[in-house]
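Examining the three-dimensional arrangement
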Amino acid sequence: MEKKIKRILFWFGIIVLVGGAVFGMIKLAGRASMSQTALLANAISASDWIQGNKDSRVFLVEYSDFQCPACKIFYSFLKDIEGKYGDRLQLVYRHFPLSQHANAMLAAQAAEAAGKQGKFWEMHDKIFEGQNTWASQGKSDAEKTFTSYAQSSGLNTDQFKKDLSSNEIKVKIENDYKGGIKSGVNATPTFFLNGKKLPPPTSYGDFENTIVQAINANP
Amino acid sequence: MEILRTQSSKLSTPIHKGSVWAFVVISFLGFLDATFLTAEHYLGPLLGCPIFGGCDKVLISPYSAVGGIPVAMFGAVYYLTVFILGVAYFDTGRARILRFAANLTPLGLIASLWFLYLQLFVIKALCFYCIISLLTSTLLFVLGLIIRSRFGADMT
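Attention here is on the structure that accompanies the text. Here the structure is a predicted model, which is why all the values come from computation and not from measurement. (Residues numbered from 1 in each chain as written. Chains lettered and ligands numbered in written order. Predicted model: local features only at pLDDT ≥ 70, side-chain atom pairs only at ≥ 80, totals over all residues.)

A tally of helices and strands in chain A yields 9 helices and 6 strands. Expressed as a percentage of its 219 residues, the buried residues of chain A come to 37%. For chain A, restricting intrachain contacts to residue pairs at least 6 apart in sequence, the fraction spanning at least 24 positions comes to 79%. (Helix = DSSP H or I, 4+ residues; strand = E, 2+ residues; numbered from the N terminus. Buried ≥ 20, exposed ≤ 12 C-beta atoms within 10 Å, placed from the backbone. Contact = placed C-beta atoms within 7 Å.)

Spelled out as structure tokens, the structure:
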């Protein structure tokens, strides 16, 4: 009898160990990998790309990488947020191209080059929507893809190509990146709501709630 | 309870207790790693792409899932099976259970080598956690060889 109880306890212990391990690993994978107390180092300026109501006191700054799959997911979330609350907040896009994404920098340059002709957001949307196409392409093919986006947006493609490799654009992207580093960005996308870094949202609902709370607190 | 009792009469040479302990502990570590990768597969995209590393590239590649199930989950099932069999051996002392677990280890090694090939030559990015899995599956394979060598040829 005592033997039987010992065996039951033994296997119960193993079940608890395995269950605890699964729980712990899920928690670890879902934990906030970024510090949640960091503040936005660089205030919004005239050089930023801003959508929404520029008079709103609520501003959401995103540090993003066009080639990051998670950023693509948040791109569709932000479209929805903009549609619902665009009149009550400002949405700011800043570049944070990661070195492991071969075409991320070029994509950022393409968005900026389009921005020179007043079509930043249109190019921004096209780049995210076409991520699966250009992300796996070589540099020259990706450049052709971006140029085709420029053409379909009615941009002057000669000017676009010239701007694409301009030093001015590269410096602007690098400045965004450096500002991100100063603000403690270590993954993309990273969001700052009214200057405070948000923990990584676990769902769209969670993300939307946080924004709605900020909007309600700043009518 | 028959923990740590071995049926040494059915073995050509006794199994070193340390090898079995190592077998169980390493399979548990492999299980932790594969479970973490499985959780990352489901939670990862919302967490974003880290500033350093190729894990996101590996984990979002089409090779990271088969039929919608992340390969890491197959790994977790493999390591859990080996772990439970190892523990069952400690409980029952039945060498056959241990031999069965040891016979599974080549599967883990082959899968890990295949993933290493994919990472090096197809995806062209290395994922730290996948390398940990390669390490644990290799160690399990070596321990499996040691354990199998202790069994007599007639043992099935």
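More follows now that the structure is in view.
Another aspect to go through is the overall build of chain B. Secondary structure assignment for chain B yields 5 helices and 3 strands. When the helices and strands of chain B are listed from N to C terminus, the series reads α-β-α-β-β-α-α-α. Put simply, chain B has 156 residues, and 40% of those count as buried. For chain B, restricting intrachain contacts to residue pairs at least 6 apart in sequence, the fraction spanning at least 24 positions comes to 79%.

Moving on: helix α5 (residues 128–149) of chain B. Because each turn of an α-helix spans 3.6 residues, side chains separated by three or four positions end up pointing in the same direction. Residue and element names in this part refer to chain B. A rise of 1.5 Å per residue sets the reference length of α5, with its 22 residues, at 32 Å; its end C-alpha atoms lie 32 Å apart and thus fit the reference within 8%. Listed in full, the buried residues belonging to α5 are C130, S133, T136, S137, L140, L143, G144 and I147. For α5, the angular spread of buried residues about the axis comes to 145 degrees, placing them on one side. Away from the buried face of α5 by more than 90 degrees, exposed residues L145 and S149 are located. (Expected span 1.5 Å × (residues − 1). Arc of directions from axis to C-beta.)

Here we come to unusual backbone geometry. All names here are of chain A. For the bond from T188 to P189, the omega torsion is -5 degrees, close enough to zero to count as cis. Positionally, P189 belongs in the loop between β4 (187–188) and β5 (190–193). Here N194, not a glycine, exhibits a phi torsion of approximately 50 degrees, which is positive. Positionally, N194 belongs in the loop between β5 and β6 (196–197).

Let's shift gears to the pairing of β5(A). Residue and element names in this part refer to chain A. Here strand β2 (residues 59–64) runs beside β5; their pairing, made up of 4 bridges, is antiparallel. Bridge pairing links Y63 to T190 in β5. Sheet topology places β5 next to β6; 2 bridges connect them, and they run antiparallel. Looking at the pairing, L193 lines up with K196 of β6. (Pairing = 2+ DSSP bridges.)

Let us look at helix α7 (residues 157–164) of chain A. All names here are of chain A. Of the residues making up α7, those classed as buried are F160, D163 and L164. Looking straight down α7, one finds its buried side chains confined to an arc of 105 degrees; they lie on one side. Those residues of α7 that are exposed and aimed more than 90 degrees away from the buried face are D158 and K162. Along its buried surface, α7 packs onto α3 (104–116), α6 (139–152) and α8 (167–182).

Okay, the packing of α6(A) against α7(A) next. Residue and element names in this part refer to chain A. Where α6 meets α7, the closest approach of the two axes is 10 Å, and the angle between their N-to-C directions is 140 degrees. The angle between the axes of α6 and α7 places the two elements in the oblique class. Crossing handedness for the pair α6 and α7: right-handed. Residue-level contacts link T147, A150 and Q151 of α6 to T157, F160 and K161 of α7. Partitioning the contact of α6 with α7 into residue classes produces 2 nonpolar, 3 polar and 1 charged. (Axes fitted to C-alpha atoms, helices over the stretch in contact; angles between N-to-C directions. Parallel < 35°, antiparallel > 145°, perpendicular 65-115°, else oblique. Left-handed = near helix turned anticlockwise from the far one by under 90°. Nonpolar A, V, L, I, M, F, W, Y, C, P; charged D, E, K, R; others polar.)

Residues and elements named next belong to chain A. Pairing is mixed in the open sheet, where 5 strands are placed in the order β1-β3-β2-β5-β6. Of all the strands in the sheet, just β1 (49–52) and β6 have a single pairing partner and so form its edges. Note that β1 and strand β3 (residues 90–95) share 4 bridges and pair antiparallel. Following the sheet pairing, Q51 is matched in β3 by L91.

Okay, the environment of Q119(B) next. Mapped onto the elements of the fold, Q119(B) is located in helix α4 (residues 95–123). When residues no more than four places from it in sequence are discounted, the contact partners of Q119(B) are V58(B), A125(B), L126(B), C127(B) and C130(B).

So, on to the packing of α3(A) against α7(A). Residues and elements named next belong to chain A. Put simply, α3 and α7 touch, their axes get as near as 8 Å, and they point 130 degrees apart. Judged by the inter-axis angle, α3 sits oblique to α7. Read as a crossing pair, α3 and α7 show a hand that is right-handed. On the side of α3, the interface is formed by Q109, A110, A113, A114 and K116, while α7 contributes F160, D163 and L164. Partitioning the contact of α3 with α7 into residue classes produces 5 nonpolar, 1 polar and 2 charged.

Residue position: F28(B) is located in helix α1 (residues 17–47). For the pair F28(B) and Y79(B), spaced 51 residues apart in sequence, the C-alpha separation works out to 6.7 Å.

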